Structures are given as structure tokens and as C-alpha cells.
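Given next are the chains, with one letter for each unit.
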Amino acid sequence: NAGRPPVVTESDLRDAMVWLLTEEKVETHLTSGTEETAEYVVNLTRALSEAPYYEDATELHCVKKIKASLDAGSDGLSRARDCWRRMAQQVPGLSEAKARRLVETYPTVASLMEAYADERMTEEERRELLSGCIVEGRNQRKLSEMMWRLMTSEDPDEII
């Protein structure tokens, strides 16, 4: 036994890997042979070399890009309506067709906000203001309430 190297079991190896990670903050990767090790090193090197060129993902990267439907020569109101339609489409459940119907009824954000500010309506009526105009013949209470909360909430941490 004196001249033989100690036998290292897979359990001993895994314990050593855990110790390196927790105590020394060194991440390890177990490979089964030289080919797999070489492939891992190549992939790791590639990832490290490309890392400086990647932008961190933001909420805007996750949003579907919606193209403007107008040309640059359109008048200001048309551009505002198109921008409002594209903004509205970012609300979950508000498809392009629903957003177009919304913009037909309320051509600008300001027109919708004026309707929400109408003191003759109860809060419940304001919450359901859009329920009939988004989809013809269907009541969209939940979507209407979501839009109302999005447009009128004063709580910056409220999840819509």
C-alpha cells in the first residue's frame, strides 16, 4: 500500500467539487475524457470571447416589435394614433384587432384619460369603459379592467 496512489472514488470527486465551489468559489465541470474536455474548453473559450458583445436583456428586448403602419409623411394625429395602437398592443390579451378598435373609439391616450376622468361615471363604469368597444358583440370586462388599472394606478409596484 505504501507505493500505490490513493483510490479516489466518484463520491470523493463530487465532494471535492462541492468544496471548491462553496469554499473557494471555483466552478468545476466533470468530463469523461480528453475529447469531451477539449470540447468543453473550446465552448467555454468561445462564450468568454463573445460575452463582451452581448447586451443584457431588458424588458424591451422581450417585447414583440410592432412595426408602424404609417409612412414618415403622415400627419401628427395619424402618427399619434399609430403610436397609441402599438402601445396598447403591448398589453397582454390586446391583439392588433382589439387595439385598432380601441383607437377607433379613443384615438389618443389623452382621449381615453379624459373618459376615465369623467366625474359623472362611477368607478365601476370606468373599469368597464372599454369592455364593449374592444371586441364587437363580446364583453371584455377583464381586459377593460386591466387597461383601467394600467392607465390609472398610482402604485408603481402594482402588477397589472
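Participant: Is there a simple way to think about the pattern of salt bridges in this case?
Facilitator: Two side chains bearing opposite charge may form a pair once their charged atoms approach each other closely. A complete count under the given rule lists 10 salt bridges for this structure. Residue D82 pairs with R86 through a salt bridge whose shortest N-O separation is 3.3 Å. On the criterion of helical spacing, the pair formed by D82 and R86 is a turn pair, its members being 4 residues apart in helix α4 (residues 76–88). Across the salt bridge formed by R120 and D118, the nearest N and O atoms sit 3.1 Å from each other.

Participant: Explain a nonpolar patch on the surface here, please?
Facilitator: On the surface, a nonpolar cluster with roughly 360 Å² of combined accessible area is contributed by Y40, V41, L44 and L48. Considering the arrangement of structural elements, one finds V41 in helix α2 (residues 34–50).

Participant: Where do I start with the packing of helix α6 (residues 109–116) against helix α8 (residues 141–152) in this structure?
Facilitator: Describing two packed helices takes the angle between their axes plus the distance from one axis to the other. Between α6 and α8, the least distance of the axes is 11 Å, while the angle of their chain directions is 100 degrees. The angle between α6 and α8 places the two elements in the roughly perpendicular class. Across the interface between the two elements, V109, L112, M113 and Y116 from α6 touch S144, M147, W148, M151 and T152 from α8. Per-class residue counts for the contact of α6 with α8 are 7 nonpolar, 2 polar and no charged.

Participant: Please clarify how the environment of L94 should be interpreted in this entry.
Facilitator: Positionally, L94 belongs in the loop between α4 and α5 (96–105). Considering only alpha carbons, one finds L94 and M147, 53 residues apart in sequence, at a separation of 9.4 Å. Non-local contacts of L94, meaning those with residues more than four positions away in its chain, are made with A88, Q89, A99, L102, I134, L143 and M147.

Participant: Mind showing me how you'd approach the confidence of the model for the protein chain here?
Facilitator: Segments scoring low in pLDDT should not have their predicted coordinates read at a detailed level. Mean pLDDT for the protein chain: 84, with 86% of residues reaching 70 or above. Across the protein chain, α2 holds the top mean pLDDT of 94, while helix α3 (residues 59–62) sits lowest at 62.

Calculation notes
Residues numbered from 1 in each chain as written. Predicted model: local features only at pLDDT ≥ 70, side-chain atom pairs only at ≥ 80, totals over all residues. Heavy atoms only, no water. Salt bridge = Lys/Arg side-chain N within 4 Å of Asp/Glu carboxyl O. Helix = DSSP H or I, 4+ residues; strand = E, 2+ residues; numbered from the N terminus. Patch = residues over 30% accessible without salt bridge, like charges linked within 9 Å, V, L, I, M, F, W, Y side chains within 5 Å. Areas by Shrake-Rupley, 256 points an atom, 1.4 Å probe, with all protein chains shown as cover. Axes fitted to C-alpha atoms, helices over the stretch in contact; angles between N-to-C directions. Parallel < 35°, antiparallel > 145°, perpendicular 65-115°, else oblique. Contact = heavy atoms within 4.5 Å. Nonpolar A, V, L, I, M, F, W, Y, C, P; charged D, E, K, R; others polar. pLDDT = per-residue confidence, 0-100.

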